[in-house]
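Inside the fold
For reference, the chains in residue letters:
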Number of protein chains: 2
Amino acid sequence: MTPVRIDDPADPRIAGLVSIKERDLTGRHGRFIAEGTVVLRMLAAAHRAGRGIEAEAILLLENRVDGLVDLLADFPATIPVYVASAPVFDAIAGFNMHRGVLALGKRDSAPRLDTLLGGLPAKSMVLAACGISNHDNMGSMFRNAAAFGADAILMDETSCDPMYRKAIRVSVGSVLTVPFAREGSVTALVGRLQADGFAIWGLSPRGQTDLQDIAPSPRTALLVGTEGEGLPETILSSIRTARIRQRPGLDSLNVATATGIALHQVAMINGLI
Amino acid sequence: MTPVRIDDPADPRIAGLVSIKERDLTGRHGRFIAEGTVVLRMLAAAHRAGRGIEAEAILLLENRVDGLVDLLADFPATIPVYVASAPVFDAIAGFNMHRGVLALGKRDSAPRLDTLLGGLPAKSMVLAACGISNHDNMGSMFRNAAAFGADAILMDETSCDPMYRKAIRVSVGSVLTVPFAREGSVTALVGRLQADGFAIWGLSPRGQTDLQDIAPSPRTALLVGTEGEGLPETILSSIRTARIRQRPGLDSLNVATATGIALHQVAMINGLI
């Protein structure tokens, strides 16, 4: 693998990496952007694992190449590696917060909910979410799910796409490793989880059960709602609910933090960590 | 209180609110920016409480005024309220992510560590931090500290300033309510906490004690380190250390999430929540 120097930001070979900040809003055709060394390493692992994720091109700031030789060797030699000076790099990316390490990846369509659920082991823990609209929160939820061993993340169709650049970055690449599906309504999702034998616990400041009192279960689904309103009442009234003890106050915890606290507890209760 | 219309972004009456995005980097003279309805409400409460925080001016997008009449009535009538159209508002602020609600506040110098510690009750829990460089993490740590009833946040001098706009926003105003000090080295901070009878627990992926096995103590300090490297070895070897159980992997939890999980646990252990 010999890096190819790019001197023209309009070079068609790096067209997929042009103006990727805007690409946040338009991710299409299964392409995604991996940013930074840690995510690049996860991309290499995902590519090798052959689970429908592939690297297509790597773009490095010229001064980053020497430090990344080992990591680059983890990619097949057919993946092109481009290098650019800082001005050219910034002109390509359209911003300068990229840490000098970018890659274009391609992902097969996310699995259908049925397929994903059907492939889960008898003992499993999943995170279910509805209406998550913030990419930072989405990325952070994936990072937490990976840390505490969630087998999958299942989202309703109103949740944002975890494959956006910023969500992948905040997840430190966990979006590439934690299986997920995103389809349908939260009502349909809850029904599907119940049919598959999951004990479903909705997280809410008004939850009935203290988080640490959740009963162990071979299959547990933790369900969290949107940043502002939380889970809809129609859902909360149809499942068991848990609360995180906290001081009374106007504002509850951030949804990603609450998810981290709850997954940690549920994983301990079920002996997963 | 009658709102005053601003038509010229260069109007000297709103000079303190000009280009506040850049002000992130240059917060000076004790001024700070409150953004959004929730933070404005916290500012009103802090102003009324008279603990060294004052509102100086409020700037609203014209279509937000009607919905905020009650909140504005919480401020003294002497605080000027300005309104502007969207183009003028954006030209003043220098960006358009302000949600149409901005205020300029002023804070007396943060208390000295000695003063703050000297004023804490016999039974107290504090969060101590060193080298936190990211304003999102800082804001999130304040939000978590408020949620779980920490009496104060104590930072070393290398941590970033919690009074920056984005940290205040992410904290949903908790920076204005949770007492904090930021001075000296982490070594000095640990020494001071020990002298004041705090059981100090350093949070680290290599911690010796499982988080949930931390012993209750009338005074507990949870100490967390920088995003990248965590706590320095010299500190970890001089105090007791705790770890959050998680799956083995390259990347540990985000520092703010880890802080949330740990504060939740320590607050439960000590009967604070």
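Before reading further, recall that the structure is shown in the block above.
As the structure is a computational prediction, the values presented were derived from the model and not from experiment.

**Section: the sheet that holds strand β7 (residues 152-155) of chain B**
All names here are of chain B. The seven strands are arranged β8-β7-β6-β11-β9-β12-β10 in an open sheet whose pairing can be described as parallel. Among the strands making up the open sheet, the edge pair consists of β8 (180-182) and β10 (209-210). Judged from the four bridges that link them, strand β9 (residues 199-203) and strand β11 (residues 219-224) form a sheet pairing that is parallel. Bridge pairing links Gly 202 to Leu 223 in β11. Contacting β6 (124-129), β7, β8 and β11, helix α6 (residues 135-147) crosses the sheet at an angle of about 150° to β7.

**Some points on the sheet that holds strand β5 (residues 101-107) of chain A**
Residue and element names in this part refer to chain A. One open sheet accounts for five strands, arranged β1-β4-β3-β5-β2; its pairing is mixed. Strand pairing shows two members of the sheet lacking a second neighbour, β1 (4-5) and β2 (31-35), which therefore form its edges. Where strand β3 (residues 53-61) meets strand β4 (residues 81-84), four bridges bridge the pair, whose relative direction is parallel. Across the sheet, the residue bridging to Leu 60 is Val 83, located in β4. Across the sheet, helix α4 (residues 86-93) is in contact with β3, β4 and β5; its angle to β3 comes to roughly 140°.

**Focus on the packing of aromatic side chains**
Residue and element names in this part refer to chain A. The tally for this structure, following the rule as stated, stands at two aromatic pairs over all chains. Residues Phe 142 and Phe 180 carry aromatic rings whose centres are separated by 5.5 Å and whose planes lie at 90° to one another, so their mutual orientation is edge-to-face. Note that Phe 142 is positioned in helix α6 (residues 135-147) and Phe 180 in strand β8 (residues 180-182), a separation of 38 residues in sequence. Both residues of the pair, Phe 142 and Phe 180, belong to the buried class.

**Some remarks on the environment of A:Ile132**
Residue and element names in this part refer to chain A. Assignment of secondary structure puts Ile 132 in the loop between β6 (124-129) and α6. The class of Ile 132 is buried, set by a relative accessible area of 0%. Those residues in contact with Ile 132 that lie beyond four places of it in its chain are Asn 137, Met 138, Met 141, Thr 158, Ser 159, Cys 160, Gly 225, Thr 226, Glu 227 and Val 255.

**So, helix α10 (residues 255-269) of chain A**
All names here are of chain A. Its 15 residues give α10 an end-to-end C-alpha distance of 21 Å, which sits within 8% of 21 Å, the value for a rise of 1.5 Å per residue. Burial within α10 is extensive, with 14 of its 15 residues counted as buried. For α10, the capping residue at the N-terminal end is Asn 254, with a side-chain oxygen 2.7 Å from the backbone nitrogen of Ala 256. Residue Gly 271 follows α10 closely and has a positive phi angle near 65°.

So, how was this worked out
Residues numbered from 1 in each chain as written. Chains lettered and ligands numbered in written order. Predicted model: local features only at pLDDT ≥ 70, side-chain atom pairs only at ≥ 80, totals over all residues. Heavy atoms only, no water. Pairing = 2+ DSSP bridges. Helix = DSSP H or I, 4+ residues; strand = E, 2+ residues; numbered from the N terminus. Contact = heavy atoms within 4.5 Å. Axes fitted to C-alpha atoms, helices over the stretch in contact; angles between N-to-C directions. Phe/Tyr/Trp six-rings, centres within 6.5 Å; stacked < 30°, edge-to-face > 60°. Buried < 20%, exposed > 50% of the residue type's maximum accessible area, 1.4 Å probe, protein only. Expected span 1.5 Å × (residues − 1). Polar contact = N/O pair within 3.5 Å; in protein donor to acceptor, adjacent residues only side chain to side chain.

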